[in-house]
Amino acid sequence: MSQQQTLYVREHIFSGAIRVFHWLRALSIVVLVITGAYICWPFLTMPQSSDVLVQGWIRMVHLIFGFILVSVTVVRAYLYFFGKSDIERRSFRDVISAKAWWAQLKSYVWIGRHPHAGVYGPLQFVSYLGITLAAAFMCVTGLVLYANVYHEGLGGLLWQPATWLTVQMGGLAVVRLWHHYVTWAFVIFLLIHIYMAVWMGIRFKHNSVDAIVSGYDYHPKNGH
Ligand code: HEM
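Computed from a predicted model, the values in this text were never measured in an experiment.

Trainee: Requested: an account of the overall build of the chain, with residues and values cited.
Mentor: Scanning the chain for helices and strands turns up 10 helices and 2 strands. Walking the chain from its N terminus toward its C terminus, one meets helices and strands in the order β-α-α-α-α-α-α-α-α-α-α-β. Relative to the globule expectation of 17 Å for 224 residues, the C-alpha radius of gyration of the chain, 22 Å, shows a markedly less compact shape. Seen along its three principal axes, the alpha-carbon backbone of the chain occupies a region of about 80 × 35 × 30 Å. Counting over 224 residues, the chain shows a buried share of 15%.

Structure (structure tokens):
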């Protein structure tokens, strides 16, 4: 009987919390982009009727998922810095290594592989950091818009910092405009993110997409 070799190894890379928050964040971003698009272009509201509350309901959904995104953004930042597994924090070593950047860029044109210090490549790390900062920006500007509509409770508490920020940004219209512009960063990110996740799995024979569902990565024994 011929000897069978283990071709693939299984590695636990994402904790349950990271996976749950990934999908919660993905869901809230998709809902916020869709409801946000409707808020700025309310095509179902007939100009001749004043009792169509579609805009109000859509806006309510936008706010519910907006607060979910605010919570996820805070918890996710905590997990990055203080989570038990350091697999994400370790990835930062590659961001400050010119060798790692070069290896990653070469691997995109099929020249070699790029072993990681953690779980993300340097370009991947930088783009995730960028989209996280964009989410933080949307949370802050979203809360400013919220405080301008709801003056009691949380809105009241946020009123002073919201007014300060509104002045710094050049007025409420500008806040809303930036909240609108940055929405496009999420649309572009989503398309590239899904494409790259599938492509990486094919290129490096990883189960990259499944890993964020099951937590496990499978890859060739001597590959990375
Ligand atoms: C990925 C995150 C988000 C996206 C893509 C997004 C997108 C949008 C868009 C496109 C608009 C319409 C802007 C316009 O009229 O031109 C909007 C409005 C608004 N968003 Fe967001 N948003 C996000 C997060 C949030 C968060 C976290 C909050 C608050 C907790 C929030 C609260 C609001 C409010 C209050 C409005 C104004 C509604 C109105 O004027 O009727 N958004 N958002």
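Trainee: Give me the lowdown on the site of the ligand, citing residues and values where you can.
Mentor: In the vicinity of the ligand there are 26 residues, among which Gly36, Cys40, Gly66, Gly142 and Leu145 approach most closely. At the level of secondary structure, the elements contributing two or more residues to the shell around the ligand comprise helix H1 (16-40), helix H2 (54-82), helix H6 (122-147), helix H8 (172-181) and helix H9 (183-204). Of the residues contributing to the shell around the ligand, the split by class is 17 nonpolar, 7 polar and 2 charged.

Trainee: Give a description of the nonpolar core that names residues and reports values.
Mentor: Membership of the largest hydrophobic core is limited to 7 residues, which are Ile29, Leu32, Phe65, Leu69, Val72, Ala135 and Met138. Those elements that place two or more of their residues in this core are H1, H2 and H6. By residue number, the principal contributor to this core is H2, which donates 3 residues. In contact with Ala135, not counting residues within four places along its chain, are Leu69 and Thr73.

Trainee: Outline the packing of H1 against H2, listing residues and values.
Mentor: Relative orientation of the contacting elements H1 and H2 amounts to 145°, with a least axis distance of 8 Å. The handedness of the crossing between H1 and H2 comes out as left-handed. Across the interface between the two elements, Ala17, Ile18, Phe21, Leu24, Arg25, Ser28, Val31, Leu32, Thr35, Gly36, Tyr38 and Ile39 of H1 pack against Ile58, Arg59, Val61, His62, Phe65, Gly66, Ile68, Leu69, Val72, Val75, Arg76 and Leu79 of H2. Its residues placed into classes, the contact of H1 with H2 shows 16 nonpolar, 5 polar and 3 charged.

Trainee: Mind laying out the packing of H6 against helix H7 (residues 153-169), listing which residues take part and the relevant values?
Mentor: Where H6 contacts H7, the axes come no closer than 8 Å and their chain directions differ by 115°. As for the relative orientation of H6 and H7, their crossing is left-handed in sense. Packed against H6, whose contacting residues are Leu143, Val144, Tyr146 and Ala147, the element H7 presents Gly155, Leu158, Trp159, Ala162, Leu165 and Thr166 at the interface.

Trainee: Mind laying out the environment of Thr35, listing which residues take part and the relevant values?
Mentor: Considering the arrangement of structural elements, one finds Thr35 in helix H1. Each C-alpha atom, one on Thr35 and one on Gly170, is 25 Å from the other, the two residues being 135 residues apart in sequence. With near-sequence residues (within four places) excluded, Thr35 lies in contact with Ile58, Val61 and His62.

Trainee: How would you explain H1 if you had to name every residue and give the values?
Mentor: Over its 25 residues, H1 extends 36 Å from the first C-alpha to the last, a length consistent with the 36 Å expected when each residue adds 1.5 Å. Tucked inside the fold, the buried residues of H1 contact H2 and H9.

Trainee: Outline unusual backbone geometry, listing residues and values.
Mentor: The residue Trp110 is not glycine, and still its phi comes out positive at about 65°. Note on placement: Trp110 falls in the loop between helix H5 (98-108) and H6.

Trainee: I'd like a description of the confidence of the model for the chain, backed by residues and values.
Mentor: Close reading of the predicted structure is inappropriate where its pLDDT is low. With 92% of its residues at a pLDDT of at least 70, the chain reaches an overall mean of 90. Highest mean pLDDT in the chain belongs to H8 (98); lowest belongs to strand E2 (residues 216-220) (82).

Trainee: Describe the pairing of strand E1 (residues 8-12), and please don't skip the residues or the numbers.
Mentor: Among the 5 residues of E1, 0 are classified as buried, and the element is accordingly described as predominantly exposed. Of the pairings in the sheet, the one linking E1 to E2 comprises 5 bridges and is antiparallel in character. Counted as the bridge partner of Glu11 is Asp217 from E2.

Trainee: Which residues make up the environment of Tyr216, and what values do they have?
Mentor: Summarising the element assignment, Tyr216 is placed in strand E2. With 13 C-beta atoms packed within 10 Å, Tyr216 lands in the partly exposed category. Every residue in contact with Tyr216, bar those within four places of it in the chain, is listed here: Arg10, Glu11, His12 and Ala211.

Trainee: Which residues make up the environment of Leu69, and what values go with them?
Mentor: Here Leu69 is to be found in helix H2. For the pair Leu69 and Met138, spaced 69 residues apart in the sequence, the C-alpha separation amounts to 9.3 Å. With sequence-adjacent residues up to four places away left out, Leu69 is seen in contact with Arg25, Ser28, Leu32, Ala135 and Cys139.

Here is what the cut-offs are and how they apply
- Residues numbered from 1 in each chain as written.
- Predicted model: local features only at pLDDT ≥ 70, side-chain atom pairs only at ≥ 80, totals over all residues.
- Helix = DSSP H or I, 4+ residues; strand = E, 2+ residues; numbered from the N terminus.
- Rg over C-alpha atoms; globule rule 2.2 N^0.38 Å.
- Buried ≥ 20, exposed ≤ 12 C-beta atoms within 10 Å, placed from the backbone.
- Near = placed C-beta within 6 Å.
- Nonpolar A, V, L, I, M, F, W, Y, C, P; charged D, E, K, R; others polar.
- Core = buried A, V, L, I, M, F, W, Y, C linked by C-beta atoms within 7 Å.
- Contact = placed C-beta atoms within 7 Å.
- Axes fitted to C-alpha atoms, helices over the stretch in contact; angles between N-to-C directions.
- Left-handed = near helix turned anticlockwise from the far one by under 90°.
- Expected span 1.5 Å × (residues − 1).
- pLDDT = per-residue confidence, 0-100.
- Pairing = 2+ DSSP bridges.

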